[in-house]
Amino acid sequence: CETGFSPKASHSHGYKKGCDFWYRKTFKMDKAYEGYHFMLCFEGVIVFSEIYVNGSLLERSYSAYCEINIDITDRIHFGSTPNVIAVHIDGNSEEGWWYEGAGIYRHVRLYAKPPLHIAHNGLWVKPVLKSDNDWTVELETEIENSAYIDD
């Protein structure tokens, strides 16, 4: 939302009055992706937000500085049925004493992975200098198998 300046508004919001607002994205998912693992990732959403997928509230966030990752595998519709992602933002909330802006301020990504996959942020690499031209690489990988069922 666009608002004007007001001496009564918070200095942390640049003396601009906050407001509530919504984002919505509608899309269809090809049936070829049935059986995949779906992760919805928000890299940056301002302070207080609520994230809905196909009518279900799946996540609340209370910090503007944390990535939000949501497994939406069991919420995805395939074929002609549309999917709706809706995000409610409380534009009156604030976390810092500096101007934080409002809304979704970084990328939003939907990852579709086969059931056996590298976990989100599941790769760690550390190059180590042994001598002038001699390096080794330490590596760790976290693997997820979303098809595994423990009976």
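Criteria and cut-off values
Residues numbered from 1 in each chain as written. Predicted model: local features only at pLDDT ≥ 70, side-chain atom pairs only at ≥ 80, totals over all residues. Heavy atoms only, no water. Core = buried A, V, L, I, M, F, W, Y, C linked by side-chain atoms within 4.5 Å. Buried < 20%, exposed > 50% of the residue type's maximum accessible area, 1.4 Å probe, protein only. Contact = heavy atoms within 4.5 Å. Phe/Tyr/Trp six-rings, centres within 6.5 Å; stacked < 30°, edge-to-face > 60°. Helix = DSSP H or I, 4+ residues; strand = E, 2+ residues; numbered from the N terminus. Lys NZ or Arg CZ within 6 Å of the ring centre and 35° of its normal. Salt bridge = Lys/Arg side-chain N within 4 Å of Asp/Glu carboxyl O.

Asks: Please explain the nonpolar core as it appears in this structure.
Replies: Taken as a class, soluble globular proteins show a tendency for nonpolar side chains to be buried jointly. In this structure, Leu40, Phe42, Ile51, Ile72, Ile76 and Ile85 are the most contacted members of the largest nonpolar core, which totals 22 residues. Contacts of Ile85, omitting those with residues within four sequence positions, involve Tyr23, Arg24, Lys25, Phe27, Leu40, Phe42, Tyr52 and Val53.

Asks: Which parts of the structure should I look at to understand the packing of aromatic side chains?
Replies: Working definition: an aromatic ring pair is given by the centre-to-centre distance plus the angle between the planes. Within the structure shown, the criterion is met by five aromatic pairs. Arranged with centres 5.2 Å apart and planes meeting at 75°, the rings of Tyr33 and Tyr36 form a pair that is edge-to-face. Using a relative accessible area of 36% as the deciding quantity, one classes Tyr33 as partly exposed. Aromatic pair Phe48 and Tyr62: ring centres 5.2 Å apart, planes at 40°, arrangement tilted. Here the residue Phe48 occupies a position in the loop between β2 (37-42) and β3 (49-53), and Tyr62 occupies one in the loop between β4 (56-61) and β5 (68-71), the gap between them amounting to 14 residues. Taking the ring centre of Tyr111 as reference, the NZ or CZ of Lys113 above it sits at 5.8 Å.

Asks: So what exactly am I meant to see when it comes to the environment of Ser80 here?
Replies: Relative to the assigned elements, Ser80 resides in the loop between β5 and β6 (83-90). Expressed as a C-alpha distance, the spacing of Ser80 and Val137, which sit 57 residues apart in the sequence, is 47 Å.

Asks: What exactly am I supposed to notice about the pattern of salt bridges here?
Replies: As enumerated under the stated definition, the model contains three salt bridges in all. The partner of Glu43 in a salt bridge is Arg106, and the shortest N-O contact between them spans 3.4 Å. Taken together, the residues Glu43 in the loop between β2 and β3 and Arg106 in the loop between β6 and β7 (108-113) connect sequence positions 63 residues apart. When its relative accessible area of 23% is taken as the criterion, Glu43 is described as partly exposed. Notably, a salt bridge pairs Arg60 with Glu50, separated by 3.3 Å at the nearest N-O pair. With Arg60 in strand β4 and Glu50 in strand β3, this residue pair connects regions lying ten residues apart in the sequence.

Function cannot be inferred from these measures alone, as they are strictly geometric.
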